[in-house]
Amino acid sequence: MTIHHGTHRSLERPLEHAELPGAMLTITAARALAVLRISTGLVFIWAFLDKTFGLGYATPAERAWINGGSPTKGFLANVEVGPLQSVAHSIAGTWWANAFFMVGLAAIGLALIAGVGLRVAAASGTLMMALMWLAEFPLARFTAGGDPTGSTNPVVDYHLIYAVVLVALAAAYAGHTWGLGRFWARLPFVQRHRWMI
């Protein structure tokens with residue numbers, strides 16, 4: 001990605017063939033994207049840490065993963081709406097659902113904070129957020145028991161916003177500013193496998 005510094009345009013070879021962003025991607029915009037990237041990474045890392053160690057915010061210590069608690073059971077066992085209700089209940093608390101969820105939270109969070117592998121983080125994070133959106137199914141006005149869901153917006157909720165943020169960060173090469181993205185993109189194995197940028 002080329003960033004414009006005043007009227008001087010960097011002539012270095014771009015790390016990826018992409019259209020120049022023009023004057024819109026300023027240094028300030030690149031820094032704002034870096035702050036958004038790091039902040040979003042901290043959301044994922046915090047969820048991982050709280051569920052692992054039971055820091056007493058969303059997860060009490062007695063339900064921590066290290067104390068035998070299940071990171072997925074509380075959420076999935078209480079799904080009361082949508083077409084995936086029975087699927088959510090059947091996988092709630094299984095070892096593999098817990099493992100995939102926790103590894104996903106940690107890997108996505110670390111990738112965002114470090115600014116590396118943003119394409120993989122965006123794809124996997126978008127999948128995670130889409131599945132969580134389906135589990136909460138904000139389109140439903142009533143639960144399976146007939147009670148109001150309390151959904152405030154039937155389409156867009158925070159899961160979809162996080163997914164859009166992840167895609168935007170990867171598309172904007174947000175790891176190149178205040179991150180290791182530029183170094184990462186130059187590694188030989190990443191050069192051979194461009195989807196890992």
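Conventions and cut-offs
Residues numbered from 1 in each chain as written. Predicted model: local features only at pLDDT ≥ 70, side-chain atom pairs only at ≥ 80, totals over all residues. Heavy atoms only, no water. Core = buried A, V, L, I, M, F, W, Y, C linked by side-chain atoms within 4.5 Å. Buried < 20%, exposed > 50% of the residue type's maximum accessible area, 1.4 Å probe, protein only. Helix = DSSP H or I, 4+ residues; strand = E, 2+ residues; numbered from the N terminus. Contact = heavy atoms within 4.5 Å. 1 Å grid on protein atoms, 1.4 Å probe; cavity = no way out; pocket = protein on both sides within 12 Å on 5 of 7 lines; lining within 4 Å. Points joined across faces, edges and corners; volume = space filled by probe spheres on them. Nonpolar A, V, L, I, M, F, W, Y, C, P; charged D, E, K, R; others polar. Patch = residues over 30% accessible without salt bridge, like charges linked within 9 Å, V, L, I, M, F, W, Y side chains within 5 Å. Areas by Shrake-Rupley, 256 points an atom, 1.4 Å probe, with all protein chains shown as cover. Salt bridge = Lys/Arg side-chain N within 4 Å of Asp/Glu carboxyl O. Phe/Tyr/Trp six-rings, centres within 6.5 Å; stacked < 30°, edge-to-face > 60°. Expected span 1.5 Å × (residues − 1).

## Comments concerning the nonpolar core
In globular proteins that are soluble, nonpolar side chains generally tend to be buried together.
Part 1 of the argument: By size, the foremost hydrophobic cluster in this structure holds 22 residues, and its most contacted members are Phe44, Leu105, Leu112 and Met128.
Part 2 of the argument: Only α1 (27–53), α4 (95–114), α5 (118–136) and α6 (158–171) provide two or more residues apiece to this core.
Part 3 of the argument: Counting residues per element, this core draws most heavily on α4, at six residues.
Part 4 of the argument: Excluding residues within four positions of it along the chain, Phe44 makes contact with Leu105, Ile108, Gly109, Leu112, Met128, Met129 and Leu166.
Part 5 of the argument: Val116, Val190, Met196 and Ile197 belong to the second-largest nonpolar core, a separate cluster that totals seven residues.

## Focus: empty space enclosed by the protein
Part 1 of the argument: Summed over all chains, the structure comprises one cavity of 30 Å³ or more.
Part 2 of the argument: Its volume calculated, the largest cavity comes out at about 60 Å³.
Part 3 of the argument: Lining the largest cavity, in full, are Gly115, Leu118, Arg119, Ala170, Tyr173, Gly175, His176, Gly181, Trp184 and Ile197.
Part 4 of the argument: Counting only elements with at least two residues in the lining of the largest cavity, the list comes to α5 and α7 (181–186).
Part 5 of the argument: Here the residues of the lining of the largest cavity are counted per class, giving five nonpolar, four polar and one charged.

## So, the environment of His176
Part 1 of the argument: Note that His176 resides in the loop between α6 and α7.
Part 2 of the argument: The exposure class assigned to His176 is buried, which follows from its relative accessible area of 10%.
Part 3 of the argument: Between the alpha carbons of His176 and Gly115 there is a distance of 6.8 Å; along the sequence they are 61 residues apart.

## A closer look at a nonpolar patch on the surface
Part 1 of the argument: Residues Trp46, Phe53, Leu55, Tyr57 and Ile66 make up a contiguous nonpolar surface patch of roughly 560 Å² in combined accessible area.
Part 2 of the argument: Considering the arrangement of structural elements, one finds Tyr57 in the loop between α1 and α2 (73–76).

## Focus: the packing of aromatic side chains
To describe a pair of aromatic rings, you give the distance between the ring centres and the angle between the ring planes.
Part 1 of the argument: Within the structure shown, the criterion is met by five aromatic pairs.
Part 2 of the argument: Taking the centre distance of 5.5 Å and the plane angle of 90° together, the rings of Trp184 and Phe189 count as edge-to-face.
Part 3 of the argument: Overall, Phe189 belongs to the partly exposed group, its relative accessible area being 33%.
Part 4 of the argument: An aromatic cluster is built from Phe44, Tyr158 and Tyr162, whose rings are joined through pairwise contacts.

## Overview of the layout of surface pockets
To find leftover empty space, a probe the size of one water molecule is rolled over the atoms.
Part 1 of the argument: What the largest pocket holds in volume is close to 1100 Å³.
Part 2 of the argument: Taken as a whole, the second largest pocket encloses approximately 320 Å³ of empty space.
Part 3 of the argument: Together, 19 residues line the second largest pocket, and Glu136, Phe137, Pro138, Thr149 and Ser151 are the ones closest to its centre.
Part 4 of the argument: In the lining of the second largest pocket, the residues fall into 10 nonpolar, six polar and three charged.

## Considerations on the environment of Met196
Part 1 of the argument: In this structure, Met196 sits in the segment after α8 (188–192).
Part 2 of the argument: Along the primary structure Met196 and Trp184 are separated by 12 residues, whereas in three dimensions their C-alpha atoms are 9.0 Å apart.
Part 3 of the argument: Not counting chain neighbours up to four residues away, the residues in contact with Met196 comprise Gly117, Val120, Trp184, Phe189 and Val190.

## So, the side chain of Thr143
Part 1 of the argument: With respect to the secondary-structure elements, Thr143 resides in the loop between α5 and α6.
Part 2 of the argument: Setting aside residues no more than four positions away along its own chain, Thr143 makes contact with Glu80, Val81, Pro148 and Thr149.

## A few points about α1
Since the α-helix advances by 3.6 residues per turn, residues separated by three or four positions end up pointing in the same direction.
Part 1 of the argument: The terminal C-alpha atoms of α1 lie 38 Å apart, and with 27 residues this matches the ideal 39 Å at 1.5 Å per residue to within 8%.
Part 2 of the argument: Among all positions of α1, only Ala30, Leu33, Ala34, Arg37, Thr40, Gly41, Phe44, Ile45, Phe48, Asp50 and Thr52 are buried.
Part 3 of the argument: Residues of α1 that are buried in the fold lie against α4, α5 and α6.
Part 4 of the argument: Taken from the residues just after α1, Gly54 is the one with a positive phi, measuring 60°.

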